[in-house]
Amino acid sequence: MNITDITKFLNEYDGEPVTFMEVCGTHTAAISENGIPSILSNKIKLISGPGCPVCVTVSAYIDKLCKLALQDNTCIVTFGDLIRVPGYTSSLQEIKSRGGKVKMVYSPFEIIDLAKSNKNTLFIFAAVGFETTTPIYAVLLDKIIKENIDNIKLLTALKTMPAAIDALCSMGNKIDGFIAPGHVSVITGANEFKPLAEKYNLPFAVSGFKGEELLASIYALVKLKDQGRVINLYKSAVNNNGNEAAKKLVHKYFEPCTAVWRGIGEIPNSGMALKDDFLIYDAGSRYVTEDNIKNKGCRCGEIITGFTSPNDCPLFGRICTPQNPQGACMVSNEGSCFHYYINNRG
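Residues numbered from 1 in each chain as written. Predicted model: local features only at pLDDT ≥ 70, side-chain atom pairs only at ≥ 80, totals over all residues. Heavy atoms only, no water.

## Details of the packing of helix α9 (residues 134-146) against helix α14 (residues 244-253)
Their axes nearest at 9 Å, the elements α9 and α14 cross at an angle of 60°. It follows that α9 is oblique to α14 by the angle criterion. As for how α9 packs across α14, the hand of that crossing is left-handed. Contacts from Thr134, Pro135, Ala138, Val139, Leu141, Asp142 and Ile145 of α9 reach α14 at Ala246, Leu249, Val250, Lys252 and Tyr253. Counted by class, the contact of α9 with α14 contains nine nonpolar, one polar and two charged residues. (Axes fitted to C-alpha atoms, helices over the stretch in contact; angles between N-to-C directions. Helix = DSSP H or I, 4+ residues; strand = E, 2+ residues; numbered from the N terminus. Parallel < 35°, antiparallel > 145°, perpendicular 65-115°, else oblique. Left-handed = near helix turned anticlockwise from the far one by under 90°. Contact = heavy atoms within 4.5 Å. Nonpolar A, V, L, I, M, F, W, Y, C, P; charged D, E, K, R; others polar.)

## A few points about the environment of Val260
Checked against the element boundaries, Val260 lands in strand β10 (residues 254-261). The sequence separation of Val260 and Thr57 amounts to 203 residues, and the corresponding C-alpha distance is 8.0 Å.

## Things to note about the side chain of Ser41
Among the secondary structure elements, Ser41 is positioned in the loop between α3 (36-39) and β2 (44-48). Only 2.7 Å separates the side chain of Ser41 from the backbone oxygen of Tyr13, close enough to count as a polar contact. In this structure Ser41 touches Leu10, Asn11 and Tyr13, once residues within four positions along its chain are discounted. (Polar contact = N/O pair within 3.5 Å; in protein donor to acceptor, adjacent residues only side chain to side chain.)

## Comments concerning the sheet that holds strand β7 (residues 177-180)
Strand order in this open sheet of five strands is β2-β1-β7-β8-β9, and the pairing throughout is parallel. The sheet terminates laterally at β2 and β9 (230-232), the two strands that pair on one side only. Each strand axis lies, on average, 20° off the axis of its neighbour in the sheet, ignoring direction. The pairing of strand β1 (residues 18-22) with β7 spans three bridges and is parallel. Each bridged residue has a counterpart across the sheet, and for Glu22 the counterpart in β7 is Ile179. (Pairing = 2+ DSSP bridges.)

Next comes the structure, spelled out in structure tokens:
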């Protein structure tokens, strides 16, 4: 079918109501920016899952970064989104205004020059992300070790997607299929989702990020409902087995661990932590085990797991806006609340 026919089918669909979850923050952004919900029949519902790395990072992790930023001769290095995420006690933005040392970068490798130029300062990188970014931190560690740089550490909150999807499916939420994450699948391969598809008898569509690609993936999920299959519609970037070189480098430095997710809690084997041989480069990552929430009215946890919509949160658009975020989902440019707000998504 061509895209015109697919669009017509999805707009006129009058079959059994279905709910599909995208588990990639970039997909959440693309779905909102392309106005895809407005194209679909009211019997096709899209919900956002835990695919925004900033959004699933718990408040206790932010609190840990804030505490480290106030230590003598210590500087937190991070991407911009994380600076504004509220922890239980504060945010990195607030800590910086109080004299804490926080440096925003666009690439993790900028920390190398910072460390070489300021040898009396310990630089700690806030390493958050999924399978897509973990190889980058492995390359960074490779470089740190080879160049014998001793004033860089990582505070990791690195997570893996399959275990989180498994947890979601066991929580009782109505999900009829998944738009599988495109960037993650580049590293893991499409086959990574086969065990979940077979276990829950649900379809997974590995999708690209263009509007046409997402519509084709939604169409495939409708047609494959109640079938435990994985279909790869992003073959230009994703193969069945993924990037073996990247996976090998990751497993050189990292090993699976229990990780804590905002809104879900602890999930065994859903994270990646530094192996014992490399703990000298760790800033205390394994001690972050709590999911504290500063504003009890914030429903980020329920939104991330698909149990509620941003529009149903009592703070959304009132107290919580991109200028005054009360939760991580409104901070990140991959967050569902952020995109519901700026794109007026219903």
